[in-house]
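What follows is the residue order along each chain.
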Amino acid sequence: MQHLKHLLAVENSRLAELLRYSLYGLEACLRKAQAEYPHDPGVKICDEVLQEIQVLLEVEKEGNSSTFNSNVFKLHDLRLVFESDSELRLYLGDCHLTSETDGDLWNEIHRKLLRVPEDLAQFWRQKALDFAEAVGAIADYSQVYHLPFIRDEIIYPGLRGTVICPGLGLSQAAFEQSRIIPGYTAEEITLLAGFLGLLIKFIEIDSDLHHALKSVFSFDIIPLDLQPEQRNQYIEALTDRFHRIQKAEETADPLLIVRAWLDIDEAIHSLIFVPPAERYSWWGKLQQESRRALKKLVVSANNAGYDVRIRQLTGIYADICALTKDDLQLDCGGIPGEVLACLRVYAKINHEEIPGRVIFRSSR
């Protein structure tokens, strides 16, 4: 053990660096094995081995080896391959990463993966983990930054070992502690309250978010990180629409409820990335939960004797533009001439037509 200490203390040594990564990896493997085999006869000795490893790593930290400088990216190669991948560029546009630490880089990459199709996202999650493990870090599911929502879900894990950072997850307990609504509330209101808390928190942690909410600003797509006044106005509009639907629910008027849902569903879908997230990405599927709830309310209104129809606007823009108003145009993402995101569904309530609103890709 004394020789291990001496090697770890050698500055600018690749051998010392290799030993350090190996110790982190060995520690992680032994802890995982202990969890899987808690009654193994070697558990107590394993505890002593883990203590010795921790002592070695603590000594190495006290030695302040320059090869363990936190200012040097350990995940530099991951950054390079991510930024240069042509398939990711189709969905993300410019893949430039701005993080200045490995932990921030891990989170930035994984948040961007929430916008791409799930199969591609899963491929890159594994690839990112392979890069992390190659430098002595492993996935850590125990340290997760919790966002409030109506269910528990680990969106992606954090890391421990040579890179330490939290992951990201949804937490029902965090939602209940937020006290956005009292207990025993209707399922639909609970879902919307979950969206309210979740989206506000997401705005705090993801600087790539934009809004395209017409009532706040109708002529462009606005980056929230660069325009704090617009960010505050979007949050106020989202919150106001949530309170309006609470009041509509109290009236038990099916048409009033549908109209209020059309408005808040628009607000939820108007929180976007540029280019907009792919429909079958994690973010796209999340937003669709609101639209599925809206469709159920339309069925209820029709069962009550009203004539209500809605249509989510997708496909070729020229085919649906007669059903929309005040649409927005982008020159990136998707296929030229097609709809990139349906911000507001087209609706027909009895004989009244309510135009939808979309973002579409320019055909040039």
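Right above here is the structure, for reference.
Residues numbered from 1 in each chain as written. Predicted model: local features only at pLDDT ≥ 70, side-chain atom pairs only at ≥ 80, totals over all residues. Heavy atoms only, no water.

*Asks:* Help me get a handle on the side chain of R79, residues and values and all.
*Replies:* Mapping R79 onto the fold places it in helix 4 (residues 76-84). Setting aside residues up to four positions removed in sequence, R79 forms contacts with F73, L97, T98, S99 and L105. (Helix = DSSP H or I, 4+ residues; strand = E, 2+ residues; numbered from the N terminus. Contact = heavy atoms within 4.5 Å.)

*Asks:* Break down the pairing of strand 5 (residues 167-171) for me, citing the residues and quoting the values.
*Replies:* Buried residues dominate strand 5, accounting for five of its five residues. Neither face of strand 5 is exposed, since G167, G169 and S171 on one face and L168 and L170 on the opposite face are all buried. Sheet topology note: the strand 3 (residues 153-156)/strand 5 ladder contains three bridges and is antiparallel. Following the sheet pairing, Y156 is matched in strand 5 by L168. (Buried < 20%, exposed > 50% of the residue type's maximum accessible area, 1.4 Å probe, protein only. Pairing = 2+ DSSP bridges.)

*Asks:* Can you explain the packing of aromatic side chains? Please cite residues and give values.
*Replies:* In total, this model carries nine aromatic pairs according to the counting rule given. Between the aromatic rings of W282 and W283, the centroid separation amounts to 6.5 Å while the plane-to-plane angle is 45°, which identifies the pairing as tilted. When sorted by exposure, W282 lands in the same class as W283, which is buried. Ring pairs connect the aromatic residues F202, F273, W282 and W283, which therefore count as one cluster. The ring of F73 is capped by R79, whose NZ or CZ atom sits 4.9 Å from the centre of that ring. Above the plane of the ring of W124 lies K127, whose end atom (NZ or CZ) is 4.7 Å from the centre. (Phe/Tyr/Trp six-rings, centres within 6.5 Å; stacked < 30°, edge-to-face > 60°. Lys NZ or Arg CZ within 6 Å of the ring centre and 35° of its normal.)

*Asks:* Give a description of the packing of helix 6 (residues 102-113) against helix 7 (residues 118-134) that names residues and reports values.
*Replies:* At a minimum axis distance of 10 Å, the contact between helix 6 and helix 7 shows a crossing angle of 165°. Judged on the interaxial angle alone, helix 7 and helix 6 are roughly antiparallel. In the crossing of helix 6 with helix 7, the sense of the turn from one axis to the other is right-handed. Only A121, W124, R125, A128, L129 and A132 of helix 7 make contact with helix 6, whose side of the interface consists of W106, H110 and L113. Residues belonging to the contact of helix 6 with helix 7 are distributed by class as follows: seven nonpolar, one polar and one charged. (Axes fitted to C-alpha atoms, helices over the stretch in contact; angles between N-to-C directions. Parallel < 35°, antiparallel > 145°, perpendicular 65-115°, else oblique. Left-handed = near helix turned anticlockwise from the far one by under 90°. Nonpolar A, V, L, I, M, F, W, Y, C, P; charged D, E, K, R; others polar.)

*Asks:* Pulling in residues and values, what's your account of the environment of Y91?
*Replies:* Its place among the elements puts Y91 in helix 5 (residues 86-92). Spatially, the C-alpha atom of Y91 lies 7.1 Å from that of G334, the residues being 243 residues apart in sequence. Excluding residues within four positions of it along the chain, Y91 makes contact with V116, P117, L120, P275 and E278.

*Asks:* Go over the pattern of salt bridges, please, and point to the residues and values.
*Replies:* Evaluated as defined, the whole model comprises 17 salt bridges. Between D265 and R291 there is a salt bridge; the shortest N-O distance is 2.7 Å. Of this pair, D265 sits in helix 11 (residues 254-269) while R291 sits in helix 12 (residues 282-303), and the two are 26 residues apart along the sequence. Summarising the burial analysis for this pair, D265 and R291 share the class buried. Salt bridges sharing partners connect three or more residues here, namely D240, R241, R244, D263, E266 and R344. (Salt bridge = Lys/Arg side-chain N within 4 Å of Asp/Glu carboxyl O.)

*Asks:* An account of the sheet that holds strand 3 is requested, with residue identities and associated values reported.
*Replies:* With mixed pairing, the three strands of this open sheet are ordered in space as 2-5-3. The two strands at the open ends of the sheet, each matched to only one other strand, are strand 2 (144-148) and strand 3. On average, each strand axis in the sheet is tilted by 30° relative to the strand beside it, whichever way the strands run. Packed on one face of the sheet, helix 9 (residues 187-205) meets strand 2 and strand 5 and runs near 135° to strand 2.

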